[in-house]
Amino acid sequence: MVPATQVTAGISPPGAQERRRLYRRILFAEQLRYALLVAPLIIYLLIFYIYPVASMLVRSFIGDGGFTLEYFERLLETPVYWRVFSNTVLLALATTLICLALAYPLAYAMSRASSTRAAIMFALVLLPFWTSILVRSYAWMVLLGRSGIFNDWLSRAGLIKEPLNLLYTPFAVYVAMVYVLLPFMILPLYSVLRSIDPSLLRAAEGLGASARQIFFHVVAPLSKPGVAAGCLVVFILALGFYITPALMGGQRDVTLAMLIAQQLDMYEWNFAAVLASMLLFFSLAVFFIFDKMIGIERMFAR
Amino acid sequence: MMGKTSISRRGALALMGSAGMTLAMPAVLRGRAEAAETAQMPEMTEVPEALKGSGVVRVVGFGGTGQTAIREAYFKPFEKLTGIKVIDSEGSDPNKVKAMVETGNVEWDVFLTSMATISRLRDQGDYFEKVDLDLLDTANIPTQNYQEYGVDTHAFAHVIAYRSDVFPEGPKNFIEFWDTTKFPGPRTMPTGTGGFAIPPLVAAVIADGVPLDQVYPIDIPRAFKSLDRIRGSVSKFWEAEAMPIQMLVDKEVPLAIAGSGRVVQLQRDGVPVKISWHGGNLVNNSWAIPKGAANAENARKFIAFATLPISQARQSFLIPNGFVNRAAAQYIPANILAELPTSPGNIEQLVPFDYLWWKKNKPQTERRWNEWILQ
């Protein structure tokens with residue numbers, strides 16, 4: 001061992017270089033292996049995701065006579081699109097906040113429950129997930145209709161004389177959207193709340209903190225990444241909602257996705273692309289803001 | 001990204017439509033059975049020599065019970081009598097045709113669409129092969145129902161439908177449909193932005209006193225003023241054809257503007273609903289051939305075959321859609337004939353869809369509708 005050291009010490013510079021080269025080669029092989037592992041996914045995304053999105057973006061700039069800003073001008077000139085856009089954003093925002101308010105206590109209870117009870121609660125949360133969104137929206141139509149189950153109960157209880165208009169109102173849209181999107185909020189919240197070390201809570205308790213203080217000073221800050229992840233997912237999904245507002249909404253419940261469908265009905269692909277880009281860029285912007293504020297990695301890491 | 005998901009979501013709405021049709025399927029079969037007591041479905045025994053051929057033709061329809069009907073009405077006798085094999089598929093969509101032609105990968109030889117769509121796509125480019133008017137039964141098909149690039153077939157009407165248990169004598173026309181004192185209760189009618197063929201503006205101007213033959217060109221401001229009057233009583237401007245039908249069944253509304261074919265199926269199912277044809281909007285589906293279709297020649301023969309009197313009668317026999325070939329009426333049993341929009345006595349009360357007017361004015365009316373609906 002000693003002679004070896006002496007020998008290598010003598011020719012130290014070239015040896016170190018060689019080692020570095022070898023190390024680099026191993027590193028490269030390692031990277032290549034990872035690259036090959038993710039290659040199928042990358043190729044899949046390129047063909048089936050990046051390419052369609054890119055061609056959609058291109059379409060919003062290309063008219064009959066080549067490059068044009070005509071479609072974007074149309075967007076700027078028509079205030080109704082902006083109103084629908086802001087309606088859509090407000091709807092998504094409200095849905096997100098309602099989901100958060102409903103999901104947080106449930107996720108918290110799930111994270112503190114025994115594993116059997118947590119499993120049962122999990123199953124109940126996930127069960128509707130396996131049913132088509134169309135069927136679920138339709139189920140709400142049956143419940144909320146003028147001769148539906150709720151109105152039936154209320155009139156039998158003598159609370160109302162005339163059936164209430166529940167269906168085809170913004171209320172129906174909120175109910176159904178929150179219902180559909182709730183699991184997307186519960187899951188990341190549960191995941192984060194579950195990973196909070198219980199000894200921290202015990203420590204806080206031991207130091208004399210009240211339940212309220214424990215929640216606001218320990219649990220809430222530690223669950224921030226889960227809140228952010230849930231909100232981000234629910235908000236972005238809610239932005240693109242089409243079926244639920246179209247089936248259950250009232251006269252004014254028009255969302256941007258419905259306007260896109262209208263344009264496609266008229267084979268106006270370019271303008272549909274402009275509206276779709278609007279949604280896409282808005283979603284990206286929200287994503288970017290969340291990334292800056294919380295950090296996407298923290299949000300989805302465990 | 002959004003464009004793509006949006007299509008599939010619209011697909012889902014369409015799916016709901018066909019789900020509605022599937023629910024109504026027993027009614028179709030029952031209607032057929034009842035009709036069978038009085039008459040048999042007409043059979044064709046021979047075709048003109050010019051329609052015979054070989055090879056295949058790839059036909060795409062809209063799916064659902066409509067597809068079942070055209071399979072029985074056209075595909076089977078066509079294969080037997082002409083020697084051309086039909087490869088049928090579902091989900092005809094002009095957006096797909098557009099993409100197929102643009103990418104040179106045309107998978108269909110003939111597809112169901114509408115004159116409005118043909119006209120609109122032709123403004124955007126060269127998406128169609130010509131049909132063969134020499135093969136066509138032009139003696140019995142009205143001239144407005146065919147042109148170089150398309151031939152009309154099944155006719156649909158959007159008409160007044162009402163629950164007869166709520167109103168034994170319902171509104172006879174749109175003036176009465178708009179009358180909320182005589183006919184109180186929520187209504188449903190099509191949205192002003194859904195597709196091309198179902199504009200509530202026609203109903204609106206008729207409700208305001210415009211005679212049927214003067215509906216076009218539509219006085220747009222007058223139509224919206226008329227809609228202002230009824231708006232408070234409209235619980236839903238529907239997006240998919242199945243919606244008004246479901247709302248009638250659920251008693252969500254006693255009054256609707258809905259597709260006559262689906263309403264007839266409700267009647268056959270025993271739901272107490274009645275139709276008033278007056279002022280209804282008459283629109284046809286059309287056959288067209290995508291540019292570059294490999295079997296365009298067979299497609300031309302198929303279109304000619306499918307619009308022959310007996311073919312058309314078979315289709316109306318199986319599903320309560322109208323026919324385009326006037327000579328079909330003599331092959332259809334009287335009880336079925338009375339339920340069809342194109343029967344003598346009904347068709348005179350309808351307003352044919354003026355697709356050229358709509359092509360020109362749709363962007364404007366759509367924008368106006370969107371502004372109006374958000375008010």
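Residues numbered from 1 in each chain as written. Chains lettered and ligands numbered in written order. Predicted model: local features only at pLDDT ≥ 70, side-chain atom pairs only at ≥ 80, totals over all residues. Heavy atoms only, no water.

## A word on the overall build of chain A
Move 1: A tally of regular secondary structure across chain A gives 15 helices and two strands.
Move 2: Taken against the 2.2 N^0.38 rule, which gives 19 Å for 302 residues, the C-alpha radius of gyration of chain A at 27 Å runs more than 25% over that of a compact globule.
Move 3: Its C-alpha atoms put chain A at 100 × 70 × 30 Å along the principal axes.
Move 4: Within chain A, the proportion of its 302 residues that are buried is 41%.
Move 5: In chain A, once contacts between residues fewer than 6 apart in sequence are set aside, the share between residues at least 24 apart is 73%.
Move 6: Summed over all atoms, the accessible surface of chain A reaches about 17,300 Å², with 69% contributed by carbon and sulfur. (Helix = DSSP H or I, 4+ residues; strand = E, 2+ residues; numbered from the N terminus. Rg over C-alpha atoms; globule rule 2.2 N^0.38 Å. Buried < 20%, exposed > 50% of the residue type's maximum accessible area, 1.4 Å probe, protein only. Contact = heavy atoms within 4.5 Å. Areas by Shrake-Rupley, 256 points an atom, 1.4 Å probe, with all protein chains shown as cover.)

## Considerations on the overall build of chain B
Move 1: If you tally the helices and strands in chain B, you get 14 helices and 11 strands.
Move 2: Buried residues in chain B amount to 61% of all 375 residues.
Move 3: Here the analysis covers contacts within chain B between residues at least 6 apart in sequence; of these, 74% occur between residues at least 24 apart.
Move 4: About 14,000 Å² of surface is accessible on chain B, with carbon and sulfur atoms providing 53% of the total.

## Observations regarding the confidence of the model for chain B
All names here are of chain B.
Move 1: Here chain B averages 88 in pLDDT, and 88% of its residues register 70 or above.
Move 2: When the criterion is pLDDT under 50, residues 1-12 qualifies, and its contacts beyond four places in sequence or with other chains add up to 29 contacts.
Move 3: The ipTM assigned to the predicted complex is 0.71, against a pTM of 0.78. (pLDDT = per-residue confidence, 0-100.)

## Some points on the packing of helix 13 (residues 256-265) of chain A against helix 14 (residues 269-293) of chain A
All names here are of chain A.
Move 1: In contact at an axis separation of 8 Å, helix 13 and helix 14 are set at 165° when each is read in the N-to-C sense. On the basis of their axis angle, the class for helix 13 and helix 14 is roughly antiparallel. Here helix 13 and helix 14 pass one another in a crossing that is left-handed. Taking contact as the criterion, the partners of Leu256, Leu259, Ile260, Gln263 and Leu264 in helix 13 are, on helix 14, Trp269, Phe271, Ala272, Leu275, Ala276 and Leu279.
Move 2: Tallied by class, the residues present in the contact of helix 13 with helix 14 amount to 10 nonpolar, one polar and no charged. (Axes fitted to C-alpha atoms, helices over the stretch in contact; angles between N-to-C directions. Parallel < 35°, antiparallel > 145°, perpendicular 65-115°, else oblique. Left-handed = near helix turned anticlockwise from the far one by under 90°. Nonpolar A, V, L, I, M, F, W, Y, C, P; charged D, E, K, R; others polar.)

## Things to note about the nonpolar core
Move 1: Formed by 140 residues in total, the largest nonpolar core has its most connected members in Trp178, Ile218 and Leu227 of chain B.
Move 2: Looking at this core element by element, the count peaks at 14 residues for helix 8 (residues 170-195) of chain A.
Move 3: Trp178 of chain B has contacts with Arg187, Met189, Ala203, Ala204, Ala207, Ser226, Leu227, Arg229 and Ile230 of chain B, leaving out every residue within four places of it along the chain.
Move 4: Judged by nonpolar contacts, the second largest core, of 61 residues, contains Ile70, Phe78, Tyr149 and Trp287 of chain B. (Core = buried A, V, L, I, M, F, W, Y, C linked by side-chain atoms within 4.5 Å.)

## With respect to the confidence of the model for chain A
Detailed conclusions should not be drawn from predicted coordinates in areas where pLDDT is low.
Move 1: In the predicted model, chain A carries a mean pLDDT of 86, and the fraction of residues at 70 or more is 94%.
Move 2: Counted against residues more than four places away or in other chains, residues 1-10 of chain A, with its pLDDT under 50, gives zero contacts.

## A closer look at helix 14 (residues 355-374) of chain B
Move 1: For helix 14 of chain B, built from 20 residues, the straight-helix expectation of 28 Å at 1.5 Å per residue is met to within 8% by its first-to-last C-alpha distance of 26 Å.
Move 2: The principal kink in helix 14 of chain B, of about 60°, is found at Asn361 of chain B, preceding the proline Pro363 of chain B by one to four residues.
Move 3: Among the residues making up helix 14 of chain B, those that are buried are Trp357, Trp358, Asn361, Lys362, Thr365, Glu366, Trp369, Asn370, Trp372, Ile373 and Leu374 of chain B.
Move 4: Among the structural elements, helix 4 (79-112) and helix 13 of chain A together with strand 7 (187-190), helix 7 (200-207), helix 8 (220-230) and strand 8 (234-238) of chain B are those in contact with the buried residues of helix 14 of chain B. (Expected span 1.5 Å × (residues − 1). Bend = angle between axes of the 7 residues up to and from the residue.)

## Considering the interface of chain A and chain B
By a widely used convention, the size of an interface equals the accessible area lost when the partners come together.
Move 1: The interface of chain A with chain B comprises 45 residues on the first partner and 46 residues on the second.
Move 2: Interface area for chain A against chain B, summed over the two sides, is near 4,100 Å², with a carbon-plus-sulfur share of 58%.
Move 3: In terms of surface lost to chain B, no three residues of chain A exceed Gln251, Met266 and Tyr267 of chain A, which account for 19% of the buried area on that side.
Move 4: On the surface where chain A and chain B come into contact, there are one salt bridge.
Move 5: Residues Arg59 of chain A and Glu102 of chain B are paired through a salt bridge, measuring 3.1 Å at the closest nitrogen-oxygen approach.
Move 6: Along the contact surface separating chain A from chain B lie 13 residue pairs in polar contact (both at pLDDT 80 or more).
Move 7: Where the side of chain A that touches chain B is concerned, the elements lending two or more residues are helix 2 (12-59), helix 4, helix 6 (133-144), helix 12 (243-248), helix 13 and helix 14 of chain A.
Move 8: In terms of residue count, helix 13 of chain A provides more of the side of chain A that touches chain B than any other element does, nine residues in total.
Move 9: Across the side of chain A that touches chain B, the residue classes tally to 29 nonpolar, nine polar and seven charged. (Buried area = accessible area lost by both parts, 1.4 Å probe. Salt bridge = Lys/Arg side-chain N within 4 Å of Asp/Glu carboxyl O. Polar contact = N/O pair within 3.5 Å; in protein donor to acceptor, adjacent residues only side chain to side chain.)

## What about the packing of helix 4 of chain A against helix 14 of chain B?
Move 1: Contact geometry of helix 4 of chain A with helix 14 of chain B gives a least axis separation of 10 Å together with a crossing angle of 45°. Considered as vectors, helix 4 of chain A and helix 14 of chain B are oriented oblique to each other. Seen along the crossing, helix 4 of chain A lies across helix 14 of chain B with a hand that is left-handed. The segment helix 4 of chain A lies against helix 14 of chain B, with Val80, Arg83, Val84 and Asn87 of chain A engaging Asn370, Glu371 and Leu374 of chain B.
Move 2: The residue makeup of the contact of helix 4 of chain A with helix 14 of chain B, split by class, is three nonpolar, two polar and two charged.

## Section: the pattern of salt bridges
When charged atoms on two side chains of opposite charge get close, those side chains can pair.
Residue and element names in this part refer to chain B.
Move 1: All chains considered together, the criterion is met by 22 salt bridges over all chains.
Move 2: Taking the shortest distance from any N to any O, the salt bridge between Asp165 and Arg163 comes out at 2.8 Å.
Move 3: Given the relative accessible area of 39%, Asp165 is considered partly exposed.
Move 4: Three or more residues are tied together by salt bridges with common partners; here these are Arg71, Asp88 and Glu90.

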